[in-house]
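Working through the structure, step by step
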Amino acid sequence: MSVNRRFVLKSMALSSIAGVTMGSAVRAFAAATAGSSATAAARPVVALANEGAAESIFLYGALAASDTRLQVQRVGRDPGFMLDFERQLRSRQPMRLIGLLDDASAALVVDMARSGGARVQWLGQHIAEAGFSRHHLLNTDSAEGCSQQFSRQLQACGAGFSLNEERQNGPIVPRRMSGPSRGTGQSAQWASSIGYLLASLGTRTTLAAPLAPTASAPITGSFVSFSIEA
């Protein structure tokens, strides 16, 4: 991913997250009150993905999340998708959009959502190589605890990783976590874990992301994950 595109994505995230308005901050994976659980359950969750291997594993994790009403929508760069997506945003129907996409598709989705007044809870940049992955996360209080849980799942699977987290509306300083490769790890586990964690935001969960299916070939490339409240 070029420095310019990374800067553009981060700038979009900062301007979106700066406009987030929330009630009292809640830990994403703490035991929620009955009222907040009901609100989260009532808000439809739409997973945006395209046909890539990493995106399929993301959906595998998202679909396994408990207490989640998940709809799957395939993303394209054609005018038909953009018009349909714009209509969804303008409908003002409460929904939460999660996804894992290639850089160009994610830039399109995040920019359209930001322009439509949606609020970004989480934005992640993921660079995957054979046996190793790098992750840069921008999130808000509503995703509190996600990065630590993500780090624990990466450590458990045995693949090497580095993770940097930045909080956009709180006093917490940036966090850096890493783990060496143990040679037997599931290098695609990060995509399943991201899907599970984002689909579970605001709901009760066992925090046990499903083990990713073994990919026929190593998953490599640059991807962007997001959770957006529209």
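Residues numbered from 1 in each chain as written. Predicted model: local features only at pLDDT ≥ 70, side-chain atom pairs only at ≥ 80, totals over all residues. Heavy atoms only, no water.

The name recorded for the chain in an unreviewed UniProt entry is PchX protein, from Aromatoleum aromaticum.

**Observations regarding the packing of helix H3 (residues 53-64) against helix H7 (residues 189-200)**
The N-to-C vectors of H3 and H7 enclose an angle of 40°; their axes lie 6 Å apart at closest approach. The angle between H3 and H7 falls in the class oblique. Crossing of H3 against H7: the hand is right-handed. Along the contact surface, H3 presents Ala54, Ile57, Phe58, Tyr60, Gly61, Ala62 and Ala64, while H7 presents Trp190, Ala191, Ser192, Ile194, Gly195, Tyr196, Leu198 and Ala199. (Axes fitted to C-alpha atoms, helices over the stretch in contact; angles between N-to-C directions. Helix = DSSP H or I, 4+ residues; strand = E, 2+ residues; numbered from the N terminus. Parallel < 35°, antiparallel > 145°, perpendicular 65-115°, else oblique. Left-handed = near helix turned anticlockwise from the far one by under 90°. Contact = heavy atoms within 4.5 Å.)

**A word on the packing of aromatic side chains**
Applying the stated criterion across every chain, the model contains 2 aromatic pairs. Arranged with centres 5.6 Å apart and planes meeting at 10°, the rings of phenylalanine 81 and phenylalanine 85 form a pair that is stacked. Taken together, the positions of phenylalanine 81 and phenylalanine 85, both in helix H4 (residues 79-90) and 4 residues apart, correspond to about one turn of that helix. For phenylalanine 81, a relative accessible area of 6% corresponds to the buried category. A centroid spacing of 5.8 Å and a plane angle of 45° characterise the contact between tryptophan 190 and phenylalanine 223, whose relative ring orientation is tilted. (Phe/Tyr/Trp six-rings, centres within 6.5 Å; stacked < 30°, edge-to-face > 60°. Buried < 20%, exposed > 50% of the residue type's maximum accessible area, 1.4 Å probe, protein only.)

**Digging into the environment of isoleucine 98**
With respect to the helices and strands, isoleucine 98 occurs in strand E3 (residues 96-102). The exposure class assigned to isoleucine 98 is buried, which follows from its relative accessible area of 0%. Through-space distance from the C-alpha of isoleucine 98 to that of valine 45 is 7.2 Å; in sequence the pair is 53 residues apart. In this view, isoleucine 98 contacts Val45, Val46, Ala47, Leu48, Phe58, Ala62, Leu70, Leu198, Ala199, Phe226 and Ser227; residues no more than four positions away in its chain are not counted.

**Points about the pairing of E3**
With 7 of its 7 residues buried, E3 lies for the most part within the structure. Alignment of strand E1 (residues 45-49) against E3, held across 4 bridges, turns out to be parallel. What sits directly across from alanine 47, in E3, is isoleucine 98. Direction of pairing for E3 relative to strand E8 (residues 221-229): antiparallel, over a ladder of 7 bridges. Considered in E8, the bridge of leucine 100 is made with serine 225. (Pairing = 2+ DSSP bridges.)

**Overview of H3**
A rise of 1.5 Å per residue sets the reference length of H3, with its 12 residues, at 16 Å; its end C-alpha atoms lie 17 Å apart and thus fit the reference within 8%. Those residues of H3 that are buried are in contact with E1, strand E2 (70-74), E3, H7 and E8. (Expected span 1.5 Å × (residues − 1).)

**Overview of the sheet that holds E8**
Taken in spatial order, the 8 strands make up an open sheet running E2-E1-E3-E8-E4-E5-E6-E7, and their pairing is mixed. Of all strands in the sheet, those with a lone pairing partner are E2 and strand E7 (175-179), marking the two edges. Here the strands of the sheet are splayed against their neighbours by 15° on average, with no regard to which way each runs. Examined bridge by bridge, strand E5 (residues 132-139) and strand E6 (residues 160-167) share 8 bridges and lie parallel to one another. Pairing of histidine 135 across the sheet is with leucine 163, part of E6. With respect to the sheet, helix H6 (residues 146-157) is in contact with strand E4 (119-129), E5, E6 and E7, its orientation differing from that of E6 by roughly 180°.

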